[in-house]
Structure formats: structure tokens, C-alpha cells
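# Report on the structure
Below, each chain spelled out in residue letters.
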Amino acid sequence: MLQSRVYLMFILALTLPACNTHKQKIYISECAPGIKFKKISLTHLVDSIKYYDKQYVEVYGKYIEGKNVSALVNDSTFTDHGNSRSFWVNFTQECPLYLKGKNTGLFAAEDGTYSNINNKLITIRGRVEMQNKGYKKEYCATINEVSYLKLDQ
């Protein structure tokens, strides 16, 4: 009996730190008060883009940034990640995002340095615009007026 309790304590000690490694940061804006967002998958959004034009959506994916790149792509290894199946993400100064409960902006880390969100899994809320296809018009559409971003770390 004592041996099984020791074994159980050992397993718990190993698993508890793993529970604390999944941190989330939520950034919000006051750009869309009272708006109801439709929570959908990125794949469904791409496949049904005409239906969601000018609609407010909540979608999850991997954010990619770089020179002339601000895109939300599917995080699955089994789908096409090309620009035509991805979304341009338009962060604007008109809709500043701040860490919930703090005065820290999305692109300013809590310690005063740049907050890197490249290659991170995010959930965003914004408005879909089919007419705007991002840099060089290569993307499926743009997610504009981003008013919420949940960053999985």
C-alpha cells in the first residue's frame, strides 16, 4: 500500500509541472463592442469564404510574420499552407490590442521589449474582407478590425 502511494505521488510530481507550461495571453481592443463573432475553423472559412465576407468571425491558426507577411495559416500538417488558403491579418492602430488587465500592447512585451508572435498559435476575432487579399493580392482574404487575440505559448 505504501509503495503504491509513493508511486502515485511520483506520477503526480511529474505531471503537475506539465500542466503549468501551457500559458495563454489574451489581448483585447474596444473596436467591436457588442459584436457577436461566429466561431469557425480556418478550413471552413477558406472553403466558405463567400458566405463569410464582411462577417465577424473567431478563428484559430498559426500566425506567420515577416517582411511583407502578416498571415494566419492552418496549423495542420495535412493541409495546404499556401497563401491562397491563408488569410492576411491586418493589425491597425485604429484597433490597438492590449493585454487583458494591463496596459501592455500586443507588440510590446511586458518587459518593454518586442513581443514576438511569429509561428505562434493564436485565436483572433475580426471582420473578413474578400476584396482585400493582402500583400500582392495573394491571400484568400483579409481579417481586418482585429479586436481580440489569444496567444497560446
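Calculation notes
- Per-chain numbering applies: the sequence of each chain, read as written, is numbered from 1 onward.
- Owing to the predicted nature of the model, reporting of local features is limited to residues with pLDDT of at least 70; listing and counting of side-chain atom pairs is limited to 80 or more, with chain, interface and lining totals taken over all residues.
- The side-chain figures draw on all heavy atoms in the structure; neither hydrogens nor water molecules are used.
- Accessibility here uses a 1.4 Å probe with only protein chains present; expressed as a share of the type maximum, an area under 20% marks a residue as buried, one over 50% as exposed, and anything in between as partly exposed.
- Each helix is a run of H or I in the DSSP string that is no shorter than four residues. Each strand is a run of E no shorter than two, and both are numbered from the N terminus.
- Two strands are counted as paired when DSSP detects at least two bridges linking them.
- The definition of a polar contact used here is a pair of N or O atoms within 3.5 Å, where within protein one atom must be able to donate a hydrogen and the other to accept one, and adjacent residues in sequence count solely through side-chain atom pairs.

For strand E4 (residues 69–73), a buried count of four out of five residues is recorded, marking the element as mostly surrounded by other parts of the structure. Bridging between strand E3 (residues 56–66) and E4 involves five bridges; their strand directions are antiparallel. Looking at E4, one finds that Lys62 is bridged to Val73. Between E3 and E4, which pair antiparallel one after the other, the connecting turn spans two residues, and Asn68 there sits at a positive phi close to 60 degrees. Relative to strand E5 (residues 87–89), E4 is paired through two bridges, and the arrangement is antiparallel. By the bridge assignment, Leu72 is partnered in E5 with Phe87.

Turning our attention to the side chain of Asn74. Residue placement: Asn74 occurs in the loop between E4 and E5. Accessibility expressed as a relative area gives 11% for Asn74, which makes it buried. In this structure the side chain of Asn74 is engaged in a polar contact, spanning 2.8 Å, whose partner is the side chain of Thr43.

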